[in-house]
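Residue-level structural notes
Listed here are the chains, written in short residue letters.
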Amino acid sequence: LANCGGFDLTLSQRDLSYGMLGDLRDKYHPGETLTGVLKEYDEENQSIKVSVKEAEPHPFDGVEIRYPLNCRRASVISGKYKGGVFCKLEENLDCLCTYSMYQNDEDFDVGDQVIVVITQYDYGRKLVYGKIVAKSGKIGGFDIMENHLTRSNGSIHVFGHRETWYSTNETCGQ
């Protein structure tokens, strides 16, 4: 709930941010003052519509310069939807990502660090689309990026999608 010029109104996530927000209470707090844009005034019903996000430039503008097609970027999963995830590219800009061939929805959680490749822009809806190509994590105390890891010495065992890797190289991978 919010108050603007004596009008009580409810702002949704779509009114507040261009990007995916999990729990609005993590970002917005009682008594906080926000800048917004008056979108509509209905004199007959004495109501208004306000957008906080539109008080800032749209983060999609110039996306093809910052995130060219086929580029790879480190990201964090900020939300899930049927068939994919939202991956945060920058504040208020998410990439709607699908999974690669051997990945499944249950392999990913909000907060996971991933590498995405940018595959498409939707200029009409101002959306960025991509595909997850790697997920970071740990196996046996080693930092990995899907099937890739580094270790300074000794044998390394990496369990990939279908193969087991053994190596004494400093950098190993598929």
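Let me begin by describing the structure that accompanies this report. (Residues numbered from 1 in each chain as written. Predicted model: local features only at pLDDT ≥ 70, side-chain atom pairs only at ≥ 80, totals over all residues. Heavy atoms only, no water.)

**Quick notes on the side chain of Gln 103**
The following threshold applies: Helix and strand labels come from DSSP, where a helix needs a run of H or I of at least four residues and a strand needs a run of E of at least two; each type is numbered from the N terminus. Residues adjacent in sequence count toward polar contacts only when both atoms are side-chain atoms; beyond that, a polar contact is any pair of N or O atoms within 3.5 Å, and within protein one must be able to donate a hydrogen and the other to accept it.
Mapped onto the fold, Gln 103 is located in the loop between β7 (93–98) and β8 (113–122). Reaching out from Gln 103, the side chain makes a polar contact with the backbone nitrogen of Ser 100 at a distance of 2.6 Å.

**Some words on the packing of aromatic side chains**
How we decide: Aromatic contacts are taken between Phe, Tyr and Trp rings whose centres are within 6.5 Å, Trp giving its six-membered ring; a plane angle under 30 degrees counts as stacked, one over 60 as edge-to-face, and the others as tilted. Using a 1.4 Å probe on the protein chains alone, a residue whose accessible area is under 20% of its type maximum counts as buried, one over 50% counts as exposed, and one in between counts as partly exposed. Should the NZ of a Lys or the CZ of an Arg lie within 6 Å of a ring centre and within 35 degrees of the ring normal, that charge is described as sitting over the ring.
Throughout the structure, instances matching the rule amount to 5 aromatic pairs. Ring geometry for Phe 7 versus Tyr 41: centroids 6.2 Å apart, planes at 75°, classification edge-to-face. With Phe 7 in strand β2 (residues 7–9) and Tyr 41 in strand β3 (residues 37–42), this residue pair connects regions lying 34 residues apart in the sequence. When the ring of Phe 60 is compared with that of Tyr 123, the centres are 5.6 Å apart and the planes differ by 80°; the resulting orientation is edge-to-face. Of this pair, Phe 60 sits in the loop between β4 (47–51) and α2 (63–66) while Tyr 123 is found in the loop between β8 and β9 (127–139), placing the two residues 63 residues apart along the sequence. A relative accessible area of 49% means that Tyr 123 is categorised as partly exposed. An aromatic cluster is defined as three or more aromatic residues linked by ring pairs; in this entry it consists of Phe 60, Tyr 121 and Tyr 123. Over the ring of Phe 108 we find Lys 135; its NZ or CZ atom is 5.3 Å from the centre of that ring.

**A few points about the pairing of strand β5 (residues 72–81)**
Sheet faces and side chains relate simply in a regular strand, where the side chains alternate between the two faces. Worth spelling out the cut-off: What makes two strands pair is DSSP finding at least two bridges between them.
Pairing geometry for β5 and β8, over 5 bridges, is antiparallel. Bridge pairing in β8 links Ser 75 to Val 114. Direction of pairing for β5 relative to strand β6 (residues 84–90): antiparallel, over a ladder of 5 bridges. Along β6, the bridge assignment pairs Tyr 81 with Gly 84. Connecting β5 to the next strand, β6, in antiparallel fashion are 2 residues, including Gly 83 with a positive phi near 95°.

**Examining unusual backbone geometry**
Of note, the phi angle at Gln 46 is positive, near 50°, even though the residue is not glycine. Position of Gln 46 among the secondary structure elements: in the loop between β3 and β4. Gln 46 sits in the partly exposed class, given a relative accessible area of 44%. Of note in the backbone geometry, Asn 70 takes a positive phi value of approximately 70° without being a glycine. Mapped onto the elements of the fold, Asn 70 is located in the loop between α2 and β5.

**Considerations on the pairing of β3**
Sheet topology note: the β3/β4 ladder contains 5 bridges and is antiparallel. Its bridge partner being in β4, Glu 40 is matched across the sheet by Lys 49. Counted between consecutive antiparallel strands, the loop separating β3 from β4 contains 4 residues, among which Gln 46 sits at a positive phi close to 50°.

**As for the nonpolar core**
Threshold: What we call a nonpolar core is a set of buried Ala, Val, Leu, Ile, Met, Phe, Trp, Tyr and Cys residues that are connected through their side-chain atoms within 4.5 Å. Any two residues having at least one pair of non-hydrogen atoms within 4.5 Å are treated as being in contact.
Within the largest apolar cluster, 19 residues are counted, with the highest numbers of intra-cluster contacts made by Cys 87, Leu 89, Val 116, Ile 118, Val 128 and Ile 132. For this core, the secondary structure elements donating two or more residues are β6, β7, β8 and β9. Examining the composition of this core, we find that 4 residues originate from one element, β8, more than from any other. Residues within four places of Cys 87 in sequence aside, it is in contact with Ser 75, Val 76, Ile 77, Ser 78, Leu 93, Asp 94, Cys 95, Cys 97, Val 114, Val 116 and Ile 132. Within the second largest apolar cluster, 9 residues are counted, among which are Leu 9, Leu 11, Leu 16 and Tyr 28.

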